[in-house]
Amino acid sequence: MTVSDHPRGGFWSDTGRSGLGSWIFSTDHKRIGLLYLFATFGFFLVGVVLGLLLKFELMTPGRTIMGAEAYNAVFTVHGVTMIFLFILPGFPGAFGNLVMPIQVGARDVAFPRLNLLSWWLYMGGALIVLTSLFTGNGPPDTGWTFYVPFSARTGTNVSLAVFGVFIIGFSAILTGLNFITTIHRLRAEGMTWGRLTLFTWSLYATAWVQILATPILAITLVLIMAERMLGTGLFDPGRGGDPLMYQHLFWIYSHPAVYIMILPAMGAISDIIPVFSRKPVFGYKMIAFSSIAIAAAGSLVWGHHMFTSGMSDRAVLVFSFLTFIVAIPSAIKVFNWVSTLYKGSISLEAPMLFALSFIILFSIGGLTGLILGAAATDVHVHDTQFVVGHFHYVMFGGTGFAFFAAMHYWLPKFFGRRYREKPAVIAWALMFIGFNILYFTMKVLGMKGMPRRYYDYLPEFATLNLVSTIGSWILAVGLVIMLVNLIRGLLRGEPFEGNPWGGATLEWSIPTPPPTENFAREPVVTHGPYDFTAMKE
Amino acid sequence: MTHPVHKDDFGAKLGMWLFLFTELLLFGGLFLLYAAYLHRYPREFAAAGKELDWMLGTANTVILLTSSLCAAMSVTAVQRGDNRRALGLLGGTILCAAGFLAIKYVEWGAKFGHGIYPGSERLRGGAPGESVFFSLYFMTTGIHGLHVLIGGGLLAWIATRVRAGRVAAGNHVLLENGALYWHLVDLVWIFIFPLYYLVL
């Protein structure tokens, strides 16, 4: 048998159905997970192209390829796509669905049909958002935050885009309650809370944030639509409303949403690092606890987005203090990862390289977050390129790189074939270098006072902007190499069998690719997720 | 490969309770705005609140409480194996929902007749707090009304399942979840009623 006709097997074929309908109407968590993966990653690539356009515009002062209004629309669509269509649904939708039910030893999630509905709602919402770009009076130009009063007045297609995001919110809520119920009710025999994988723990914390925060976004978006269509004036100062109330409501959701984005990424890293260090994770309980602590504390810090919006000084102080508290559980995670590496037998393969660069990039992003969390320094860098650099370090350098790590770590398991190692490492190196050139210069530019969300800038910022744009190209080249290598490898590469990396979690104990039923017999768990010695026996 | 259908009533109810949390938070956003704006415009809120008809509000409260009672009793009836009685009680709940919406229609209609609706000339010309009060009133009762409509529809669908015998003693988690949802709709009103009709 040659490599190319190695049968894929497992859930790809054991139901006997393989047409499009067997995928888009499947309630199998693995198929739904892959549907999410293709959809979210597709939107990620759209967002990347828009981001490259933004950087291209900033290559030289003045107009390079687009004017002010086009620039506004492009950065809005870039933000909306990346946040609502990729990064929020991406990790829970794709890897949460693929891996979590297997990791807890279940046959599927608690509500498989609801899970399918979530995907359809997500696709429906995404389609509405896309429609808003090409109909009406042009794509929204408010920024992804939809701030009033501009969002209530601009003639662009804000209402439709907001409605699409509202629908996607439903999808997030349903995924969240599905995951919580799954983790509570469907753990296999012997799968105690202390034996859950850290990825599952992080999804559990994420799911709570999805449930508790998303409804606030929903009502905020409804109010925006009412403001535009009915003229309620609830945020219109001319009629007694207060735009600051909008910002509060928006960030009550949107700051916790940051943790929806980063927590599953941290969980994936916590699963990958012990495997490639051949060593049990250090401080299991503290990592699990810190996921919950981040979710809880992170829900109380939204005001730090509004230090210069005209809140009272007392509120600024309280929010600043609470923001610093979030740094503690985040640092607990970083220290535990590093301690796991200590004296480990480290094997630098592609998933591990991405995971290690996650630690570095997330730490840089997190530490610069403290500069923004401190009220005094925030006033200086608020609404500058520094902010853009900061959250790209956390969101892209953090969640994005963790997503890539997860792709290299888990996808061969589900495709039954693997990518080639060398191009993966080259792609990683290019992306890591390009990333830092691109975003670190942004931070420097912000410190020097270059504001964000302008298509033009003063001549003194020209050199650094050019450097930053070149960085974006290096990053893009790395991304293309990674993608080609992954697609070629997963479709036609070497067979991937067994447990080559020696993972001790349940997904490595079942056939590759997993059968639709996951486990031939319901598993009985006898050891922890990172207990590598128990596995050898 | 056929597996026995996975059935977990406790899990189904857990999922429903989680969903109810999200509904509470959805209305929580509106109550938050109410609190903040009441703090800013206490006088205007008091004046505007007097224009709401507390008689109609009370009538609707009684109607909703009755409907919740019917829903709870229909669950008990199914548990005792009396599907006919459960069906009748569900009918009562749905009738109450319709009555609630009818009264709401009358209330809203009267307000519209007086030129009070979001973005109306009268509210644009009036005190700033008044416009905020009525916008919040219409948004909150409007979204609540939508929930009454959805809840009523849900219970009507469940009633057809009870009638077909698909929901029966020992297999009634669907009805329980429907009733839970209905209690939430009721509960939210229990907060709206005093805040808008009584305390101002």
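This text goes with the structure placed above it.
Summary of the structure given here. Sequence positions are assigned chain by chain, starting from 1 and proceeding in written order. Following the order in which they are written, the chains are lettered starting with A and the ligands numbered starting with 1. Reporting of local features is limited, given that this is a predicted model, to residues whose pLDDT is at least 70; pairs of side-chain atoms are given and counted only at 80 or more, and all residues count toward the totals for whole chains, interfaces and linings. With hydrogens and water set aside, each side-chain value is computed from the structure's full complement of heavy atoms.

## Observations concerning the overall build of chain B
Then, number 1: Put simply, DSSP H or I for four residues or longer makes a helix, DSSP E for two residues or longer makes a strand, and each gets a number counted from the N terminus. Across its full length, chain B carries 7 helices and 0 strands.
Then, number 2: Taken from N to C terminus, the helices and strands of chain B fall in the order α-α-α-α-α-α-α.
Then, number 3: When its C-alpha atoms are laid out on the principal axes, chain B stretches across 65 × 35 × 25 Å.
Then, number 4: The proportion of buried residues among the 200 residues of chain B is 48%.
Then, number 5: Here the contacts in chain B between residues at least 6 apart in sequence split such that 83% fall between residues at least 24 apart.
Then, number 6: Only four residue types enter the charge count, namely Lys and Arg as positive and Asp and Glu as negative; His and the chain termini do not. Where a charge lies is defined by one atom per residue type, namely NZ (Lys), CZ (Arg), CG (Asp) and CD (Glu). Mean positive and mean negative side-chain charge positions of chain B (15 and 12 charges, respectively) differ by 5 Å. Only protein chains enter the accessibility calculation, which uses a 1.4 Å probe. A residue is then buried if its area is under 20% of the maximum for its type, exposed if over 50%, and partly exposed in between. Throughout, a contact is declared for two residues whenever any of their heavy atoms are within 4.5 Å.

## Structural notes on the nonpolar core
In a soluble, globular protein the nonpolar side chains are often hidden away together inside.
All names here are of chain A.
Then, number 1: Residues Phe95 and Phe404 are the most contacted members of the largest nonpolar core, which totals 230 residues.
Then, number 2: Broken down by element, this core gets its largest block of residues, 23 residues, from helix H8 (residues 243-277).
Then, number 3: Once you skip the residues sitting within four places of it in the chain, Phe95 turns out to touch Leu37, Gly90, Met100, Phe199, Phe403, Ala406, Met407, Trp410 and Leu411.
Then, number 4: What we call a nonpolar core is a set of buried Ala, Val, Leu, Ile, Met, Phe, Trp, Tyr and Cys residues that are connected through their side-chain atoms within 4.5 Å. Grouped together as the second largest cluster of nonpolar side chains are 13 residues, Met66, Phe75, Val77 and Tyr457 included.

## Concerning empty space enclosed by the protein
Residues and elements named next belong to chain A.
Then, number 1: Only protein atoms enter the 1 Å grid used here. Points where a 1.4 Å probe fits but cannot escape make up a cavity, open sets with protein on both sides within 12 Å along at least five of seven lines make up a pocket, and a residue lines them when an atom lies within 4 Å of a point. Grid points are joined across faces, edges and corners, and a volume is the space filled by probe spheres set on the points. Here the structure, examined in full by the defined rule, presents 2 cavities of 30 Å³ or more.
Then, number 2: Estimates place the volume of the largest cavity at around 160 Å³.
Then, number 3: Secondary-structure elements contributing two or more residues to the lining of the largest cavity are helix H3 (68-103), helix H6 (158-185), helix H7 (198-229) and H8.
Then, number 4: Classification convention: Asp, Glu, Lys, Arg as charged; Ala, Val, Leu, Ile, Met, Phe, Trp, Tyr, Cys, Pro as nonpolar; all other residues, Gly among them, as polar. Residues that form the lining of the largest cavity fall into these classes: 11 nonpolar, 6 polar and no charged.
Then, number 5: Approximately 40 Å³ is the volume attributed to the second largest cavity.
Then, number 6: Every residue along the wall of the second largest cavity is listed here: Thr76, Val77, Val80, Val129, Ser132, Leu133, Pro140 and Ala161.
Then, number 7: Breaking the lining of the second largest cavity down by element, the ones donating at least two residues are H3 and helix H4 (112-134).

## Brief notes about the packing of aromatic side chains
All names here are of chain A.
Then, number 1: In this scheme Phe, Tyr and Trp rings, the latter by its six-membered ring, pair at centre separations within 6.5 Å, and the angle between planes marks the pair as stacked below 30 degrees, edge-to-face above 60, and tilted otherwise. Counted under the stated rule, the structure contains 76 aromatic pairs over all chains.
Then, number 2: Centroid distance Trp144 to Trp251: 5.9 Å. Interplanar angle 85°. Geometry classified as edge-to-face. Note that Trp144 is positioned in the loop between H4 and helix H5 (150-153) and Trp251 in helix H8, a separation of 107 residues in sequence. With respect to class, Trp144 is no different from Trp251; both count as buried.
Then, number 3: Taken together, a centroid distance of 6.1 Å and an interplanar angle of 50° make the contact between Phe396 and Phe401 tilted. No difference in accessibility class separates Phe396 from Phe401, as the two residues are buried.
Then, number 4: Remark: a charge is flagged as sitting over a ring if the NZ atom of Lys or the CZ atom of Arg is within 6 Å of the ring centre and within 35 degrees of the ring normal. Above the ring of Trp23, the side-chain terminus of Arg31 is found at 4.6 Å from the ring centroid.
Then, number 5: When the ring centre of Tyr419 is taken as origin, the NZ or CZ atom of Arg418, which lies over that ring, is 5.1 Å away.

## Description of the interface of chain B and chain A
Then, number 1: Listed per partner, the contact involves 33 residues of chain B and 34 residues of chain A.
Then, number 2: Note on definitions: buried area is the accessible-area loss of two parts on being combined, 1.4 Å probe, summed for both. With both sides pooled, the region where chain B packs onto chain A buries about 2,900 Å², and carbon together with sulfur makes up 74% of that total.
Then, number 3: Each salt bridge in this description consists of a side-chain nitrogen of Lys or Arg and a carboxyl oxygen of Asp or Glu lying within 4 Å of one another. Our count for the contact surface shared by chain B and chain A stands at 2 salt bridges.
Then, number 4: We note a salt bridge from Asp242 of chain A to Arg40 of chain B, for which the minimum N-O separation is 2.8 Å.
Then, number 5: Here a polar contact is taken to be a pair of N or O atoms separated by no more than 3.5 Å, where protein atoms must pair a possible hydrogen donor with a possible acceptor and residues adjacent in sequence count only if both atoms sit in side chains. Counting across the chain B and chain A interface gives 7 residue pairs in polar contact (both at pLDDT 80 or more).
Then, number 6: Those elements that provide at least two residues to the side of chain B that touches chain A are helix H1 (9-40) and helix H6 (128-163) of chain B.
Then, number 7: Counting residues per element, the side of chain B that touches chain A draws most heavily on H1 of chain B, which supplies 18 residues.
Then, number 8: Looking at the side of chain B that touches chain A, its residues break down into 21 nonpolar, 9 polar and 3 charged.

## Digging into the side chain of Thr516 of chain A
Residues and elements named next belong to chain A.
Then, number 1: One can find Thr516 in the loop between strand E2 (494-495) and helix H16 (532-536).
Then, number 2: Take Thr516: its relative accessible area is 13%, and that puts it in the buried class.
Then, number 3: Within polar-contact distance, the side chain of Thr516 engages the side chain of Asp14 at 2.4 Å.
Then, number 4: When near neighbours in sequence (up to four residues on either side) are disregarded, Thr516 contacts Phe11, Asp14, Thr15, Asp28, Lys30 and Arg107.

## A short note on unusual backbone geometry
Residue and element names in this part refer to chain A.
Then, number 1: Looking along the chain, the bond that leaves Val148 and enters Pro149 is cis, with omega of 0°.
Then, number 2: With respect to the helices and strands, the residue Pro149 is situated in the loop between H4 and H5.
Then, number 3: Cis rather than trans, the peptide bond between Thr512 and Pro513 has omega equal to -15°.
Then, number 4: Mapped onto the secondary structure, Pro513 falls in the loop between E2 and H16.

## Quick look at the packing of H3 of chain A against H4 of chain A
Residue and element names in this part refer to chain A.
Then, number 1: One way to put it is that H3 packs onto H4 with a least axis distance of 12 Å and a crossing angle of 165°. With respect to their mutual orientation, H3 and H4 come out roughly antiparallel. Relative to H4, H3 is oriented so that their crossing is left-handed. Counted together, Val77, Val80, Phe84, Leu85, Pro89 and Asn97 of H3 and Asn115, Tyr122, Ala126, Val129 and Leu133 of H4 form the full contact between these two elements.
Then, number 2: The residue inventory of the contact of H3 with H4, partitioned by class, reads 9 nonpolar, 2 polar and no charged. Here, axes are lines fitted to C-alpha atoms. For helices the fit covers the stretch in contact, and angles between N-to-C directions go from 0 to 180 degrees. Should an angle fall under 35 degrees it is taken as roughly parallel, and over 145 as roughly antiparallel, whereas 65 to 115 is taken as roughly perpendicular and any remaining angle as oblique. By the definition used in this description, the sense in which the near helix is turned from the far one sets the handedness, with an anticlockwise turn below a right angle giving left-handed and a clockwise turn giving right-handed.

## Looking at the pattern of salt bridges
Oppositely charged side chains can form a pair if their charged atoms are brought close together.
Then, number 1: Summed over all chains, the structure comprises 11 salt bridges over all chains.
Then, number 2: With a shortest N-O distance of 2.9 Å, Arg452 of chain A and Asp383 of chain A are connected by a salt bridge. Highlighted residues: Arg452 of chain A in the loop between helix H14 (421-448) and helix H15 (462-492) and Asp383 of chain A in the loop between helix H12 (375-381) and helix H13 (385-415), separated in sequence by 69 residues.
Then, number 3: Note that Glu421 of chain A and Arg418 of chain A form a salt bridge whose closest N and O atoms lie 3.3 Å from each other.
Then, number 4: For Glu421 of chain A, a relative accessible area of 23% gives the class partly exposed.
Then, number 5: Members of the salt-bridge network, linked through shared partners, are Glu51, Arg122 and Glu130 of chain B.

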